[in-house]
Amino acid sequence: MSTSTIALGKKRAPVRPARILLHVFLAGAALAWLAPLLWALYSAMRPYAETSEKGYVSWPDTLNFDNFTNAFTQSDMSHYFVNTLIIAVPAVLLTLFLSSMVAFCVSRFDFRLNLALLLVFTAGNLLPQQVIITPLYRMYLLIDVPGITMSGKLYDSALGLVLIHVAFQSGFCAFVLSNYMRTLPHELTEAALVDGASAWRQYWQIVLPLCRPAMAALATLLSIWIYNDFFWALVLISTGENMPITSALNNLNGAYFTDPNLVAAGALLTAIPTLIVYFVLQRQFVSGLTLGANKG
């Protein structure tokens, strides 16, 4: 008897009601998460004159991309995209580099303050940002960096935002990477040590390449978090031209009138880079979240 005959002869397993309910719940949850995004897209493609006349809950007469074009030009979005790249790219690279070195130290070497050092880095994430904003603001005003920033101060500069992002995100990354590095066999670094490899060579040529999935997952998260930051840019940047893309949406608000359809279009445009980062690193992101759990 052929395999196809055997497959046809088998009875299909009955669909359980619990599985149907699960799929209904997942479909409902997906629609609930997508509903605000779809509604923003629907509003952004309608002229404000039409929505003000008929209301937002109405059948559209005109759907176009004029609001997206106007939002991009009126807010000078290309300039703020460049500002965001100047902040986000160095911040992500520095955070991953420094946190990976801390993770390597606490995961591959045994010393008395091993756990305490990791706790110090991790505890930094438990401190609310609003608690330190006043002393941090005054400190940024007092620190002089002549020749490095336009203002000559750490305040109102891209460097200041890069440093605060690195400081706040390094603890979480060090914690994740240290747990991931603990799953790697110690025999790898022990064999390298016998062959005369220094600690830097063990870190750079042996351990770090094996952490690419975890690094890619963290790079995705960091890119999204730093890109979407609004609080630090609002407090530590005073010049409008130096602000990142999240602050560029303020340029779409008029003194006496605000077009909500135009703001919705601008908000959707600012979300495009984060979607690109996620889809480009999607495979590495998923593997970085699951690979460490499969190692024993």
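Residues numbered from 1 in each chain as written. Predicted model: local features only at pLDDT ≥ 70, side-chain atom pairs only at ≥ 80, totals over all residues. Heavy atoms only, no water.

Draft legend 1. Focus on the overall build of the chain. Across its full length, the chain holds 15 helices and 0 strands. Compactness check: the chain gives a C-alpha radius of gyration of 25 Å against a globular reference of 19 Å for 296 residues, more than 25% above the reference. Projected onto its principal axes, the C-alpha positions of the chain cover 85 × 75 × 30 Å. Counting across all 296 residues of the chain, residues that qualify as buried make up 35%. As presented, the chain carries roughly 18,100 Å² of accessible surface, and 68% of it is formed by carbon and sulfur atoms. Looking at charge distribution, the chain has the averaged site of its 16 positive side-chain charges lying 20 Å from that of its 14 negative ones. (Helix = DSSP H or I, 4+ residues; strand = E, 2+ residues; numbered from the N terminus. Rg over C-alpha atoms; globule rule 2.2 N^0.38 Å. Buried < 20%, exposed > 50% of the residue type's maximum accessible area, 1.4 Å probe, protein only. Areas by Shrake-Rupley, 256 points an atom, 1.4 Å probe, with all protein chains shown as cover. Lys, Arg positive; Asp, Glu negative; His and termini not counted. Charge placed at Lys NZ, Arg CZ, Asp CG, Glu CD.)

Draft legend 2. Spatial organisation of a nonpolar patch on the surface. A contiguous nonpolar surface patch, about 480 Å² in accessible area, is contributed by Leu-94, Phe-97, Leu-98, Trp-200 and Trp-204. Looking at the nonpolar patch, the elements that each hand over two or more residues are helix 5 (77-108) and helix 10 (199-210). Mapped onto the elements, Phe-97 comes out in helix 5. (Patch = residues over 30% accessible without salt bridge, like charges linked within 9 Å, V, L, I, M, F, W, Y side chains within 5 Å. Salt bridge = Lys/Arg side-chain N within 4 Å of Asp/Glu carboxyl O.)

Draft legend 3. Summary view of helix 11 (residues 212-227). Given a rise of 1.5 Å per residue, 16 residues ought to cover 22 Å, and the 22 Å separating the end C-alpha atoms of helix 11 matches this to within 8%. Summarising burial for helix 11: 12 of the 16 residues are buried, a large majority. The set of residues buried in helix 11 consists of Pro-213, Ala-214, Met-215, Ala-216, Ala-217, Leu-218, Ala-219, Thr-220, Leu-222, Ser-223, Ile-226 and Tyr-227. (Expected span 1.5 Å × (residues − 1).)

Draft legend 4. Seen up close, the environment of Leu-262. Take Leu-262: it is sitting in helix 14 (residues 260-280). Judged by its relative accessible area of 6%, Leu-262 is buried. Between the alpha carbons of Leu-262 and Tyr-203 there is a distance of 49 Å; along the sequence they are 59 residues apart. Among residues more than four places away in sequence, those in contact with Leu-262 are Asn-67, Asn-70, Ala-71, Gln-74 and Leu-252. (Contact = heavy atoms within 4.5 Å.)

Draft legend 5. Spatial organisation of the packing of helix 5 against helix 10. Where helix 5 contacts helix 10, the axes come no closer than 11 Å and their chain directions differ by 110°. When the interaxial angle is binned, helix 5 and helix 10 end up roughly perpendicular. Of the residues in helix 10, those in contact with Phe-97, Ser-100, Met-101 and Phe-104 of helix 5 are Ala-199, Trp-200, Gln-202, Tyr-203, Trp-204, Val-207 and Leu-208. Each residue belonging to the contact of helix 5 with helix 10 can be placed in one class, and the counts come to 9 nonpolar, 2 polar and no charged. (Axes fitted to C-alpha atoms, helices over the stretch in contact; angles between N-to-C directions. Parallel < 35°, antiparallel > 145°, perpendicular 65-115°, else oblique. Nonpolar A, V, L, I, M, F, W, Y, C, P; charged D, E, K, R; others polar.)

Draft legend 6. Examining helix 10 more closely. In this model helix 10 runs 16 Å from its N-terminal to its C-terminal C-alpha over 12 residues, within 8% of the 16 Å that 1.5 Å per residue would give. Looking at helix 10, one finds that the buried residues are Gln-202, Tyr-203, Val-207 and Leu-208. Seen end-on, helix 10 carries its buried residues on one side only, within an arc spanning 135°. In this structure, the buried residues of helix 10 make contact with helix 5, helix 8 (158-182), helix 9 (186-194) and helix 11. (Arc of directions from axis to C-beta.)

Draft legend 7. Region of the structure containing the packing of aromatic side chains. For the coordinates displayed, the defined rule picks out 12 aromatic pairs. Seen in terms of ring centroids, Phe-104 and Phe-109 are 5.5 Å apart; in terms of plane orientation they differ by 80°. Their pairing is edge-to-face. The class of Phe-104 is buried, set by a relative accessible area of 5%. With a relative accessible area of 34%, Phe-109 lands in the partly exposed category. (Phe/Tyr/Trp six-rings, centres within 6.5 Å; stacked < 30°, edge-to-face > 60°.)

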